Amino acid sequence: MKALIIGAAGFVGGYLIDELKNSGYEVCATCLPNEKITADCEVRTLDILAKDTIAPLFDEVMPDAVFHLAAQSSVAVSWKRPQLTADINVIGTINVLEALKTAKKSGIRAVLIGTGEEYGFIREGACPLSEDEPLNPGNIYAATKVCQGMLGEIYARAYKMDIIMVRAFNHSGPKQAPIFVISDFCKQIADIEKGEHEPVINVGNLNARRDFTDVRDVVRAYRLLAEKGVSGRTYNVGRGKAVEIQEILDTALSMTDAEIEVRQDPDRMRPSDIPLIEPDTSRILADTGWKAEISMRDTIADTLDYWRRAQV
Ligand code: A2R
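Below: a short report on this structure. Numbering of residues starts from 1 in every chain and runs along the sequence as written. In keeping with the predicted nature of the model, local features appear solely for residues at pLDDT of at least 70, side-chain atom pairs appear and are counted solely at 80 or more, and the whole-chain, interface and lining totals rest on all residues. Heavy atoms from the whole structure form the basis of all side-chain values; hydrogens and water molecules are not counted.

**Concerning the overall build of the protein chain**
Then step 1. Put simply, DSSP marks the helices as runs of H or I at least four residues long and the strands as runs of E at least two long, and each gets a number from the N terminus on. Secondary structure summary: the protein chain contains ten helices and 13 strands in total.
Then step 2. Whereas a compact globule of 312 residues would reach a radius of gyration of roughly 20 Å, the protein chain reaches 19 Å, a difference of no more than 12%.
Then step 3. Principal axes of the C-alpha set define a box for the protein chain whose edges measure 60 × 45 × 40 Å.
Then step 4. Looking at the 312 residues of the protein chain, the share that counts as buried comes to 53%.
Then step 5. Residues are treated as being in contact if the distance between any of their heavy atoms lies within 4.5 Å. A fraction of 78% describes how many contacts in the protein chain between residues 6 or more apart in sequence connect residues 24 or more apart. Within these notes, the globule rule equals 2.2 Å times the number of residues to the 0.38 power, and the radius of gyration is based on C-alpha atoms. Each residue is assigned to one of three classes by its accessible area relative to the maximum for its type, calculated with a 1.4 Å probe on protein chains only: buried under 20%, partly exposed between the two thresholds, exposed over 50%.

Following this line, the structure appears as structure tokens:
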């Protein structure tokens, strides 16, 4: 089996390359011209906004499966740069789908990665969220990903293309940028331990409840969806058990001997924060047998360990 990963220089890409290679796939991975992929696999440069360059790449690589990870993936950036976010996440996805439609090889399976944030402002009692729950996104990033999912469904139906849509809930692990909460807390603690930061941890809204899965479990879900998912279907990928951000903070703080003061930081409060997001994961379990296996404690420990060893 040959896999093409689009947008593989980001956080998830490296883990997906490893997962696929360890499962016997031949892997080709793309990155932007200014990015680097160090993993041992075939690497191409690709900007999904350069639409005429995508189909030739498909025709050269001839993949069995395409994993579309390329995105402007930060909620915070999406508030500041809405047009860029829409260009990459919506127009870029159309460019990928059009290229798949015209590719010489037919029947390429595409896995489009969206987000649990697509559910947005959910009605009371809606959790755990099934994939059929109405989408009511609460931020610009999420809105563009709703659009990506709709486009995937439309192309699958209209052109009988083999497309699977994913709504990935929060995922974390070593090497994640510290704009995401687990990585942020762990980096701050590691910096304090190294004496590079005053013994204060800055936090945002600690009462929000989110569903966290280790990135290594998440990429295993993506592989299994490419292998066993039902064409045209949307799948939640998550643990199925939300926790308060406070619990993540407490767990991370329990792993350090440093005396640390917790300080609420207004800059870390997101506009329109949503109180609870938790998926129903029964569909992916039924169709692929996947469920999250790595504990949140292990994810936090590994992420803290990563930042302790990181050279600044
Ligand atoms: O924005 P950068 O320089 O970090 O590059 C990102 C890249 N990317 C693009 N690739 C091709 N053509 C473009 N026009 C373009 N714009 C951005 O996609 C980055 O290297 C990659 C996405 O990786 P991350 O932002 O680290 O996302 P992550 O955590 O790997 O998540 C993978 C997927 C994304 O679609 C998320 O929205 C979803 O999972 O949750």
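**Things to note about the site of the ligand**
Then step 1. Neighbouring the ligand are 21 residues, the closest being Val12, Glu35, Asp47, Ser73 and Tyr141.
Then step 2. N or O atoms closer than or at 3.5 Å make up a polar contact, with two conditions inside protein: a donor-capable atom paired with an acceptor-capable one, and, for residues adjacent in sequence, both atoms drawn from side chains. Interatomic distance of 2.9 Å between a backbone N/O atom of Phe11 and an oxygen atom of the ligand.
Then step 3. Computed with a 1.4 Å probe, the accessible areas rest on the Shrake-Rupley method; for each residue, only the protein chains presented here act as cover. When the free accessible area of the ligand is taken as 780 Å², the share hidden by the protein chains comes to 82%.
Then step 4. Elements with a minimum of two residues in the shell around the ligand: α1 (11–22), β5 (109–115) and α5 (140–159).
Then step 5. Polarity classes work like this: nonpolar for Ala, Val, Leu, Ile, Met, Phe, Trp, Tyr, Cys and Pro, charged for Asp, Glu, Lys and Arg, and polar for all others, with Gly in that last group. The class makeup of the residues in the shell around the ligand is 13 nonpolar, five polar and three charged. Put simply, a residue is near a molecule or strand once any heavy atom of it comes within 4 Å of that molecule or strand.

**Some thoughts on the side chain of Glu118**
Then step 1. If you trace the backbone, Glu118 turns up in the loop between β5 and α5.
Then step 2. Looking at Glu118, the relative accessible area reads 2%, which means it is buried.
Then step 3. Filtering out sequence-adjacent residues up to four positions away, Glu118 remains in contact with Leu135, Asn136, Pro137, Ala142, Lys145, Val146, Val166 and Arg167.

**Focus: the pattern of salt bridges**
Then step 1. Throughout this description, the term salt bridge denotes a Lys or Arg side-chain nitrogen within 4 Å of a carboxyl oxygen of Asp or Glu. Enumeration over the complete set of coordinates arrives at 25 salt bridges.
Then step 2. A salt bridge links Glu293 to Arg220; the shortest N-O distance between them is 3.6 Å. One end of the pair, Glu293, is in the loop between α9 (282–288) and α10 (296–309); the other, Arg220, is in helix α7 (residues 215–228), and 73 residues separate them in sequence.
Then step 3. According to the relative accessible area criterion, Arg220 is buried, its value standing at 16%.
Then step 4. Among the salt bridges present, the one from Arg309 reaches Asp305, with a minimum N-O distance of 3.3 Å. Placement of the pair is Arg309 and Asp305 together in helix α10, with a separation of four residues, close to one helical turn.
Then step 5. Of the residues examined, Arg309 reaches a relative accessible area of 56% and is grouped as exposed.
Then step 6. Salt bridges sharing common partners tie together Lys2, Glu26, Glu42, Arg44 and Glu60.

**Topic: the packing of aromatic side chains**
Then step 1. For this analysis, a ring pair means two rings from Phe, Tyr or Trp (six-membered ring only for Trp) whose centres lie within 6.5 Å, classed as stacked if their planes differ by under 30 degrees, edge-to-face if by over 60, and tilted for the remaining angles. A full pass over the atoms with the stated rule returns four aromatic pairs.
Then step 2. Between Tyr119 and Phe169, the ring centres sit 5.9 Å apart and the planes meet at 25 degrees, which makes this aromatic pair stacked. Pair noted here: Tyr119 is in the loop between β5 and α5 and Phe169 is in the loop between β6 (162–168) and β7 (171–172), with a separation of 50 residues, a long-range link. Considered together, Tyr119 and Phe169 belong to a single accessibility category, that of buried residues.
Then step 3. Between Lys175 and the ring centre of Tyr15, over which it is positioned, the NZ or CZ distance is 5.1 Å.
Then step 4. Placement of a positive charge over a ring is assigned whenever Lys NZ or Arg CZ falls within 6 Å of the ring centre and within 35 degrees of the normal to the ring plane. Taking the ring centre of Trp307 as reference, the NZ or CZ of Lys187 above it sits at 5.6 Å.

**A look at helix α8 (residues 245–253)**
Then step 1. Looking at α8, one finds that the buried residues are Ile245, Ile248, Leu249, Thr251, Ala252 and Leu253.
Then step 2. The elements touched by buried residues of α8 are α6 (181–193), β8 (200–203), β9 (209–210), β12 (243–244), β13 (261–264) and α10.

**Here we look at the sheet that holds strand β3 (residues 42–45)**
Then step 1. Here, a strand pair is defined by DSSP locating no fewer than two bridges between the strands. Reading across the sheet, the seven strands line up as β3-β2-β1-β4-β5-β6-β11 and stay open at both edges, with parallel pairing between neighbours. What marks the edges here is a single partner per strand, and that holds for β3 and β11 (234–237). Adjacent strand axes in the sheet meet at a mean angle of 20 degrees when their direction is disregarded.
Then step 2. In this analysis an axis means a line fitted to C-alpha atoms, helices contributing only their contacting stretch, and an angle means the value between N-to-C directions, from 0 to 180 degrees. Packed on one face of the sheet, α1 meets β1 (2–6), β2 (26–31) and β4 (65–68) and runs near 175 degrees to β1.
Then step 3. Along the sheet, helix α4 (residues 82–102) contacts β1, β4, β5 and β6; its crossing angle with β4, the most-contacted strand, is approximately 170 degrees.

**Some words on the pairing of β1**
Then step 1. With five of five residues buried, β1 lies mostly within the body of the structure.
Then step 2. One ladder, built from four bridges, connects β1 with β2; its direction is parallel. Its bridge partner being in β2, Lys2 is matched across the sheet by Glu26.
Then step 3. When the strands point away from the viewer and the path from the first strand over the helix to the second turns clockwise, the crossover is right-handed. The β-α-β motif built from β1, the intervening α1 and the parallel element β2 has right-handed crossover chirality.
Then step 4. Sheet topology note: the β1/β4 ladder contains four bridges and is parallel. Looking at the pairing, Ile5 lines up with Phe67 of β4.

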